[in-house]
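Observations on the model geometry
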Amino acid sequence: MRLIMTVLFLVTCSGVCWGKVDLKSTKRLIIPVDQVTPKITQADVAQVVPMDFKEGDSQNTVFSRIADRGFSLWFNSSFMKESALGRFAEEAQEKLKTDVVVPASTTKGVSHKFSFRIEAFQALAKMEYTGWLRAAINYDAKASATDILFKEKVFANKDLIVSHRANKDQDLSMIGLAWSW
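Residues numbered from 1 in each chain as written. Predicted model: local features only at pLDDT ≥ 70, side-chain atom pairs only at ≥ 80, totals over all residues. Heavy atoms only, no water.

1. Describing the overall build of the protein chain
Of the regular secondary structure elements, the protein chain holds five helices and seven strands. Counting helices and strands in the order they occur from the N terminus, the protein chain gives α-α-α-α-α-β-β-β-β-β-β-β. Computed over the C-alpha atoms, the radius of gyration of the protein chain is 32 Å, more than 25% above the 16 Å expected from 2.2 N^0.38 for a compact globule of 181 residues. For the protein chain, the residues scored as buried account for 9% of the 181 residues in total. (Helix = DSSP H or I, 4+ residues; strand = E, 2+ residues; numbered from the N terminus. Rg over C-alpha atoms; globule rule 2.2 N^0.38 Å. Buried < 20%, exposed > 50% of the residue type's maximum accessible area, 1.4 Å probe, protein only.)

2. A closer look at unusual backbone geometry
At Ser144, a residue that is not glycine, the phi angle is positive and equals roughly 50 degrees. Position of Ser144 relative to the elements: it lies in the loop between strand S4 (134-140) and strand S5 (145-155).

3. Examining the side chain of Ser163
As for its position among the elements, Ser163 is in strand S6 (residues 158-166). Judged by its relative accessible area of 15%, Ser163 is buried. Beyond its immediate stretch of four places on either side in the chain, Ser163 contacts Ile148, Leu149, Leu172, Ser173 and Met174. (Contact = heavy atoms within 4.5 Å.)

4. A word on a nonpolar patch on the surface
Residues Val110, Trp132, Leu133, Phe150, Val154, Phe155, Leu160, Val162, Ile175, Leu177, Trp179 and Trp181 make up a contiguous nonpolar surface patch of roughly 1300 Å² in combined accessible area. Sorting the residues of the nonpolar patch by element identifies S5, S6 and strand S7 (171-179) as the ones contributing at least two each. Following the sequence through the fold, Leu177 ends up in strand S7. Judged by relative accessible area, which is 47%, Leu177 ranks as partly exposed. (Patch = residues over 30% accessible without salt bridge, like charges linked within 9 Å, V, L, I, M, F, W, Y side chains within 5 Å. Areas by Shrake-Rupley, 256 points an atom, 1.4 Å probe, with all protein chains shown as cover. Salt bridge = Lys/Arg side-chain N within 4 Å of Asp/Glu carboxyl O.)

5. A closer look at the pairing of S4
Sheet topology places strand S3 (residues 124-130) next to S4; seven bridges connect them, and they run antiparallel. Within S4, the position partnered with Ala125 by the bridge is Tyr139. Note that S4 and S5 share seven bridges and pair antiparallel. Counted as the bridge partner of Asn138 is Asp147 from S5. (Pairing = 2+ DSSP bridges.)

Read these as layout, nothing more, since geometry by itself doesn't imply function.
This is the structure:
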């Protein structure tokens, strides 16, 4: 019985229009252009999605690199830097920087400077030494990699560079000559 009533109702009401619309007096519908929502461009996607994946990379590696780059882009945006959280992060970052200077004991002696930096939000620790030579040790916790770099001025505009990079996959040592002009 219900089925018959439903079918009869649909048949009788399907062709009937109860409202009257005068098309001559109807105003034109204007759809506003969205000026607020930012448009995502190909360049925006390229900033978040790294294009240098290796064939053997796991899903976790791919996801963590995309998430890291996306979070970094968001955190470095002007909106985030001006927020209370961004200002707090900058202040905390500044408090994790320390310089220690050991002055030379004589006028012709060598002054030694140690700079310690911990960049907690990038999971980096850095130590730089300037004195007898220039040296730097960087530890990247995300990549589980350590970089050691020694620079020595050989000529007026040339530096001899010895570096070593160690991570879970490989150790890489390099010797180079850098010059500035």
